[in-house]
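# Structure assessment
So you can see what is in the structure, the chains are spelled out below.
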Amino acid sequence: FFSYPFMVFTMPPPVPPPVAAYPPLRPCIGAPSSKGRPSVEPLAPCTPPHMQPPPSCSIRPGKLRKGTQLLAAVVRWFLWLLFSLSPFGAIYYFLKAHTLDGARLRNKTLQGGVSMLHYVTTQDGWRLAVVRYPAQPSPVTQDVRNHPVLMIHGLSANRLAFDVTDGPSLARTLSSHGFDVWVLEMRGSNLSFHPQYHTIPSLKQWVFDDYVQKDIPVAIEFILQFTGAAQVHCVGHSMGGLLSTCHVSLSPERARQVRSNVLLGSSVVYHQSGSTYQKVTPFYILAKVFPNVAQLFIPHGLVSRLIYLVMGRGLDFLPLYSFQCNPQNTDPAVVRRVYRFGFHTIPLTLMLSLHSAVRKVSGMADAKRVPYLDHMRRMVDAGGHVPPTFLLGGERDQQCPVGAVETTFQRLQEIGSHVQAKYFGQSYGHVEHYGHFDLLVGKRAETEVFPHILQFLKENDAPL
């Protein structure tokens, strides 16, 4: 509300409406990449006079428009920063965080009437949001699948990773092919909350095992009870794939709940892989020396909202941009939306609990320092069965490099799992390199990545 006059003052001029001579085209049914927005080739003779540059103009209109947009974005960001640091900004963000934030994100991210919002309660009182995308098979195939799909987001993220409005959506793609899709938002993310979060300090700190022991089991139980199915497909991005793998490793009963497991940009072992997370080691050592440091928070969501306006407007060299995606393989508007609504603040205790995946050769370990791969071996020895696993990696993924994915592939093969891997990038025959989020929101994710996931799920969806 307070920043609206600044945004209007610095907003670029509106784009003129399309020429009436261009006839509207009907969207091509069944083409997932069209998104109802078919491309229309402009007719050269029909260019209106007000859109033509003057003959004496020495600057190309495209460059001039891009420079104007970048300048406007920088001015808006500067004015917004000044407002945020003022007392009015403090009052505004306090009120928004306690009254408007949940409703705003719900209205922003649950559009179209397709998704349905449910809540499940963990044993420690957290209310986790589970968003459902009911199966909507095409009228041609009428495909209806046997098992629902549970999608698990990554570190500091939310369900927007699987469903970006006006962008690639793995959730809606699987739903359109007959899968009943459920997207979980774990504790501390977006619509999930705890009624006493602000009164009990211990609730503000959680670790990786809280996800594995409390969030994932209650979500799977709810989905199985709601749908009547015996198993679920798990699709996890980044930390989400690690969570689903750790979940099935703890007991044969948990493993029998999962029909198949898909890991996008995810690994169990990051040791000596070149991952950016290896730079967290100094914080781990500092927290060991000074225990109070572990009570701090990582304001990932705040930083993302501070810089989202300039994303894709000439500042693609920023490390935080390439940390998440490849600028040449993502739509700037989609990236700005992900940065604005897709990340949240996380406790440092969570990052420190993930450090074993980077520090140890044996990979991710639980709170008792027992590697989850060892849990998986014992589970197999006890008569359990590791579900079929599909690993997908990006060539330019700074968080989960191809080497880390390949290590997990080898470790799962040694245990006896039916596992396969697929990598994306120019070295593997694709048009562009793939970063961490490109596997979900890349320009060609719907045509290069999603079909492989869909085929794997269909192959492993036969009834029991």
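The structure displayed is predicted, hence computed values, not measured ones. (Residues numbered from 1 in each chain as written. Predicted model: local features only at pLDDT ≥ 70, side-chain atom pairs only at ≥ 80, totals over all residues. Heavy atoms only, no water.)

## Comments concerning the overall build of the chain
Keep this limit in mind: Put simply, DSSP marks the helices as runs of H or I at least four residues long and the strands as runs of E at least two long, and each gets a number from the N terminus on. Remark: exposure states derive from per-residue accessible area (1.4 Å probe, protein chains only) relative to the maximum for the residue type, with buried under 20%, exposed over 50%, and partly exposed in between. By definition in these notes, contact holds between two residues if any of their heavy atoms fall within 4.5 Å. Here the open area of atoms and residues is found with the Shrake-Rupley method and a 1.4 Å probe, where only the protein chains shown may cover a residue.
Helix and strand counts for the chain come out as 18 helices and 10 strands. Residues counted as buried form 50% of the 464 residues belonging to the chain. The long-range fraction of contacts in the chain, counting pairs at least 24 apart against all pairs at least 6 apart in sequence, stands at 78%. A total accessible area of about 22300 Å² is found for the chain, and carbon and sulfur atoms account for 61% of it.

## Concerning the pattern of salt bridges
Here is the rule: For salt bridges, the criterion is a side-chain nitrogen of Lys or Arg within 4 Å of an Asp or Glu carboxyl oxygen.
Tallied over the entire structure, the rule returns 9 salt bridges. A salt bridge links Asp-163 to Arg-159, with the nearest nitrogen and oxygen atoms 3.3 Å apart. In this structure Arg-159 comes out as buried when scored by relative accessible area, which is 1%.

## Considering the environment of Ser-202
Along the chain, Ser-202 turns up in the loop between strand E4 (181-185) and helix H5 (208-227). Linking Ser-202 and Gln-295, residues 93 residues apart in sequence, is a C-alpha distance of 9.8 Å.

## Regarding the packing of aromatic side chains
Put simply, the rule reads: A pair of Phe, Tyr and Trp rings is counted when the ring centres sit within 6.5 Å of each other, with Trp represented by its six-membered ring. The angle between the planes then sorts it: under 30 degrees is stacked, over 60 is edge-to-face, the rest tilted.
Tallied over the full model, the rule gives 13 aromatic pairs. Between Phe-208 and Tyr-372, the ring centres sit 6.1 Å apart and the planes meet at 70°, which makes this aromatic pair edge-to-face. Residue Phe-208 is located in helix H5, and its partner Tyr-372 is located in helix H14 (residues 372-381); the two are separated by 164 residues in the primary sequence. Summarising the burial analysis for this pair, Phe-208 and Tyr-372 share the class buried. Measuring from ring centre to ring centre gives 5.7 Å for Tyr-339 and Phe-343, while their planes differ by 70°; the resulting arrangement is edge-to-face. Of the two residues, Tyr-339 and Phe-343, neither departs from the other in class, the shared state being buried.

## A short note on the side chain of Ser-275
Let me state the cut-off plainly: Any pair of nitrogen or oxygen atoms within 3.5 Å is treated as a polar contact; in protein, a donor-acceptor pairing is required on top of that, and neighbouring residues in sequence qualify only through side-chain atoms on both sides.
With respect to the element layout, Ser-275 can be found in the loop between strand E6 (258-264) and helix H8 (281-289). Among the polar contacts listed, one links the side chain of Ser-275 to the backbone oxygen of Gln-399, at a separation of 2.6 Å. If we ignore the near neighbours within four places in the chain, the residues touching Ser-275 are Tyr-270, Gln-398, Gln-399 and Pro-401.

## Describing a nonpolar patch on the surface
Rules: The patches reported here contain residues having more than 30% relative accessible area and no salt bridge. Joining distances are 9 Å for like charges and 5 Å for nonpolar side chains (Val, Leu, Ile, Met, Phe, Trp, Tyr).
Taken together, Ile-285, Leu-286, Val-289 and Phe-290 make up a surface patch of nonpolar side chains, about 380 Å² in accessible area. On the secondary structure map, Val-289 appears in helix H8.

## A few points about the sheet that holds E4
The line we're drawing: Strand pairing is defined by DSSP finding a minimum of two bridges between the two strands. Axis lines are fitted through C-alpha atoms, for helices just across the contact stretch, and the angle between N-to-C directions can take any value from 0 to 180 degrees.
Spatially, E1-E2-E4-E3-E5-E6-E9-E10 is the arrangement adopted by the 8 strands of the open sheet, whose pairing is mixed. Unpaired on one side and paired on the other, strand E1 (116-121) and strand E10 (419-424) mark the two borders of the sheet. Across this sheet, the average inter-strand angle for adjacent strands is 20°, counted without regard to direction. Along the sheet face, H5 touches E1, strand E2 (127-133), strand E3 (149-152), E4 and strand E5 (232-237) and points at about 150° away from the line of E4. Where helix H18 (residues 450-459) meets the sheet, its contacts fall on E3, E5, E6, strand E9 (389-394) and E10, and the angle it forms with E6 comes to roughly 165°.

## A word on the nonpolar core
Note the cut-off: Nonpolar cores are built from buried Ala, Val, Leu, Ile, Met, Phe, Trp, Tyr and Cys residues. Side-chain atoms within 4.5 Å join them into one set.
Within the largest apolar cluster, 64 residues are counted, with the highest numbers of intra-cluster contacts made by Leu-155, Leu-184, Met-186, Phe-208, Met-239, Leu-243 and Met-364. In terms of residues, this core owes the most to one element, H5, which gives 8 residues. For Leu-184, the contacting residues outside a window of four places in its chain are Leu-128, Ala-129, Val-130, Leu-150, Met-151, His-153, Asp-215, Ile-216 and Ala-219. One finds Val-164, Phe-179, Val-183 and Phe-456 within the second-largest nonpolar core, a separate group that totals 44 residues.

## Description of the confidence of the model for the chain
Under the convention used in this document: The pLDDT value expresses, per residue, how confident the predictor is, ranging between 0 and 100.
Counting all residues, the mean pLDDT for the chain is 79, and 76% of those residues have values of 70 or more. Mean pLDDT across the secondary structure elements of the chain bottoms out at helix H1 (residues 4-10), with 39, and peaks at E3, with 98. A low-confidence stretch, residues 1-60 stays under pLDDT 50, and its non-local contacts, those more than four residues away or across chains, total 36 contacts. Segment residues 96-114: pLDDT under 50, and 33 contacts once partners within four positions in sequence are set aside and those in other chains are kept.

## Focus: helix H15 (residues 402-415)
Here is the rule we go by: A helix's residues, less one, multiplied by 1.5 Å, set its expected span.
Across its 14 residues, H15 extends 20 Å between first and last C-alpha, which sits within 8% of the 20 Å expected from 1.5 Å per residue. Of all the residues in H15, the buried ones are Val-402, Ala-404, Val-405, Thr-408, Phe-409, Arg-411, Leu-412 and Ile-415. In the core, the buried residues of H15 are packed alongside H14, E9 and E10. Remark: Gly-416 follows H15 within two positions and exhibits a positive phi of approximately 115°.

## A short note on the packing of helix H6 (residues 239-249) against H14
Inclusion rule: An angle below 35 degrees is treated as roughly parallel, one above 145 as roughly antiparallel, one from 65 to 115 as roughly perpendicular, and anything else as oblique. For any helix crossing, the convention is left-handed if the near helix is rotated counterclockwise from the far helix by under a right angle, and right-handed if that rotation is clockwise.
At a closest axis distance of 8 Å, the pairing of H6 and H14 adopts a crossing angle of 40°. Taken together, the axis directions place H6 and H14 in an arrangement best described as oblique. As for the relative orientation of H6 and H14, their crossing is left-handed in sense. Contacts between H6 and H14 involve Thr-245, Cys-246, Val-248 and Ser-249 from the first element and Tyr-372, His-375, Met-376 and Met-379 from the second.

## Quick notes on the pairing of E5
When you tally the buried positions in E5, you get 6 out of 6 residues, the bulk of the element. Covered by surrounding structure in E5 are Val-232, Cys-234 and Gly-236 together with His-233, Val-235 and His-237, the residues of both alternating faces. In this sheet, E6 lies alongside E5 in parallel orientation, the contact comprising 6 bridges. When the sheet's bridge partners are listed, Val-232 is paired in E6 with Val-258.

## Observations regarding unusual backbone geometry
Located in the positive-phi region is Ser-156, a residue other than glycine, with phi close to 70°. Residue position: Ser-156 is located in the loop between E3 and helix H4 (170-176). Residue classification places Ser-156 among the buried residues on the basis of a relative accessible area of 6%. Residue Arg-369 is not a glycine yet carries a positive backbone phi of 65°. Of note, Arg-369 is situated in the loop between helix H13 (355-359) and H14.

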